[in-house]
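Remarks on the overall topology
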Amino acid sequence: MDKLVENKVSKQDLYPPIDPFDQRTLRVDGGHQLYVEQCGDPQGIPVIVLHGGPGGGCSPTMRRYFNPEHYRIILFDQRGCGRSRPLASVNENTTWHLIADIEKIRRALDIPQWFAFGGSWGATLALIYAQQYPETVTHLILRGVFLMTKGELDWFYGGGAGKIWPEHWERFVEPIPRDERHDLITAYHRRLFSGNLTEESRYARTWMNWENSLASAHASPMMNSSPSNRTRAFARLENHYFMNNGFLREDGQILNEMSKIEHIPGIIIQGRLDMICPPDSAYKLAKLWRRADLKIFPNSGHALSEPAISTSLVSYMDKLAPQGRSLIVS
């Protein structure tokens, strides 16, 4: 879960815009082609940046959370979104395909070990990837934790968050007939995969606006202004994953497998006012992860661009840089 439309972030908190020194297309199974880029120092500390959604895509702003003189910053668009192709495709598009893609990127770039940096769905992927390949991840930097559980989906799509924001919830449920509102993920699935491009795009905007309207604790609710093809990709992919409970083996899988990565240090940065991924998940994760620091910011919401969240992430990566090279096996 993560918004596709970014709020403006405080420019003084981020590093100046930079261009990639490497951009490539990586072919993977299922006919997918992944967009992959590298920025910063080619000899720097490698960090894989995992975007949210599923389906959000990476953005140039994500490059700016890292000192380019210290970090080798790797971004990619996950299957079906951003600059990866085919856009909006759910064919052979599961969590396990994405985990395999991350590992294929690591091998293609000849990186022995790296940091994993992710927020929302990106935090989900970072945790699952680390649990599958614990020898490759030396540090986890997580924001707005989403554990891909039934309880989290029930909160956001079953009316929990709607009790806090009833006016936005009303706009989300209004297009769905009353006899289908008991299962909104399934109801939207029928329409997002109807085969009618106009209908899919219309329902995609409503799906995405519900999430965007709750993303920030400070800015005015943002309605979607992204191109319709990107909006459709975001909504279809997110809905596809949620219809299938993230393709996990069991509800609560991430927490159940924390023993695999309890040795990896990390940080959890969480907004107290996060309406999309409430802090309960971050708190549960921290209780099982002895080497993680949990920082909850009282006046922050979910978005990466929340001022305190953004500042904290940049500051943490700056502090981590001097010791970062010693954590990476050469």
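What comes next is a walk through the structure.

Rules behind the numbers
Residues numbered from 1 in each chain as written. Predicted model: local features only at pLDDT ≥ 70, side-chain atom pairs only at ≥ 80, totals over all residues. Heavy atoms only, no water. Pairing = 2+ DSSP bridges. Helix = DSSP H or I, 4+ residues; strand = E, 2+ residues; numbered from the N terminus. Right-handed = clockwise from strand over helix to strand, strands pointing away. Axes fitted to C-alpha atoms, helices over the stretch in contact; angles between N-to-C directions. Parallel < 35°, antiparallel > 145°, perpendicular 65-115°, else oblique. Contact = heavy atoms within 4.5 Å. Nonpolar A, V, L, I, M, F, W, Y, C, P; charged D, E, K, R; others polar. Core = buried A, V, L, I, M, F, W, Y, C linked by side-chain atoms within 4.5 Å. Buried < 20%, exposed > 50% of the residue type's maximum accessible area, 1.4 Å probe, protein only. Phe/Tyr/Trp six-rings, centres within 6.5 Å; stacked < 30°, edge-to-face > 60°. Lys NZ or Arg CZ within 6 Å of the ring centre and 35° of its normal. Left-handed = near helix turned anticlockwise from the far one by under 90°. Salt bridge = Lys/Arg side-chain N within 4 Å of Asp/Glu carboxyl O.

1. Overview of the pairing of strand E8 (residues 292-297)
Taken together, the 6 bridges between strand E7 (residues 266-271) and E8 define a ladder with parallel strand orientation. Bridge pairing links Gln 270 to Ile 296 in E8. Crossover handedness for the path E7 to helix H9 (residues 280-288) to E8: right-handed.

2. Details of the packing of helix H1 (residues 95-108) against helix H2 (residues 121-132)
At a minimum axis separation of 10 Å, H1 and H2 run at an interaxial angle of 70 degrees. Taken together, the axes of H1 and H2 are roughly perpendicular relative to one another. Seen from H1, the contacting residues are Thr 95, Trp 96, Leu 98, Ile 99, Ile 102, Glu 103 and Arg 106; seen from H2, they are Trp 121, Leu 125, Ile 128, Tyr 129 and Gln 132. Among the residues making up the contact of H1 with H2, the classes are represented as 8 nonpolar, 2 polar and 2 charged.

3. Quick notes on the nonpolar core
Ranked by size, the top nonpolar core spans 70 residues in total, and within it Leu 140, Tyr 157, Phe 242 and Leu 285 carry the most contacts. It is H2 that provides the largest number of residues to this core, a total of 8 residues. With residues near it in sequence (within four places) discarded, Phe 242 still touches Met 1, Gly 53, Pro 54, Phe 146, Met 148, Leu 153, Tyr 157, Ile 185 and Trp 207. Counting residues in each nonpolar core, the second largest holds 26 residues, with Val 47, Met 62, Tyr 71 and Ile 73 among its members.

4. Quick notes on the packing of aromatic side chains
Under the defined criterion, the tally for this structure stands at 21 aromatic pairs. Aromatic pair Trp 114 and Tyr 129: ring centres 6.2 Å apart, planes at 65 degrees, arrangement edge-to-face. Taken together, the residues span a long stretch of sequence, with Trp 114 in strand E5 (residues 114-119) and Tyr 129 in helix H2 at a distance of 15 residues. The exposure class assigned to Tyr 129 is buried, which follows from its relative accessible area of 1%. A ring pair is formed by Tyr 241 and Phe 247, whose centres lie 5.4 Å apart and whose planes are at 85 degrees; its orientation type is edge-to-face. Here the aromatic residues Phe 146, Phe 156, Tyr 157, Trp 169, Phe 172, Tyr 188, Tyr 203, Trp 207, Trp 210 and Phe 242 are joined through ring pairs into a cluster of three or more. The aromatic ring of Tyr 35 is capped on one face by Arg 83, whose charged end is 3.9 Å from the ring centroid.

5. Quick notes on the side chain of Thr 136
Within the secondary structure, Thr 136 sits in the loop between H2 and strand E6 (137-143). On the basis of relative accessibility, which here comes to 1%, the residue Thr 136 falls in the buried class. When near neighbours in sequence (up to four residues on either side) are disregarded, Thr 136 contacts Glu 103, Arg 106, Pro 112, Gln 113, Trp 114 and Tyr 129.

6. Some points on the pairing of strand E2 (residues 33-40)
For E2, a buried count of 6 out of 8 residues is recorded, marking the element as mostly surrounded by other parts of the structure. In this structure, strand E1 (residues 22-27) lies alongside E2, joined through 6 bridges in antiparallel fashion. Considered in E2, the bridge of Arg 27 is made with Gln 33. What sits between the antiparallel neighbours E1 and E2 is a turn of 5 residues, in which Gly 30 has the positive phi angle 75 degrees. As defined by bridge partners, E2 adjoins strand E4 (residues 71-76) across 5 bridges and the pair is classed as antiparallel. Paired with Gln 38 across the bridge in E4 is Ile 74.

7. Considering the packing of helix H4 (residues 166-173) against helix H6 (residues 197-213)
Contact pair H4 / H6: the axes reach a minimum separation of 9 Å and the direction vectors enclose 170 degrees. In terms of axis orientation, H4 runs roughly antiparallel to H6. Viewed along their axes, H4 and H6 form a crossing whose handedness is left-handed. Between H4, through His 168, Trp 169, Arg 171 and Phe 172, and H6, the contact on the second element is made entirely by Thr 206, Trp 207, Trp 210 and Ser 213. Class assignment for the residues of the contact of H4 with H6 results in 4 nonpolar, 3 polar and 1 charged.

8. Thoughts on the sheet that holds E7
What holds strands together in a sheet is hydrogen bonding between their backbones, with the strands either parallel or antiparallel. Pairing in this open sheet of 8 strands is mixed, and the strands run E1-E2-E4-E3-E5-E6-E7-E8 from one edge to the other. The strands lining the two open edges of the sheet, one partner per strand, are E1 and E8. Taken pair by pair, the neighbouring strands of this sheet meet at an average axis angle of 20 degrees, ignoring direction. The strands that H1 touches are E1, E2, strand E3 (45-50), E4 and E5; relative to E1, the one it contacts most, it runs at about 125 degrees. This element, H9, spans E6, E7 and E8 of the sheet and lies at about 160 degrees to E7.

9. A look at the pattern of salt bridges
In the structure shown here, the tally under the stated rule is 15 salt bridges. For the salt bridge of Arg 24 with Asp 22, the shortest nitrogen-to-oxygen distance reads 3.0 Å. Residue Asp 22 is classed as buried on the basis of its relative accessible area of 16%. Taken together, the salt bridges that share partners define one network made up of Asp 29, Arg 79 and Asp 101.

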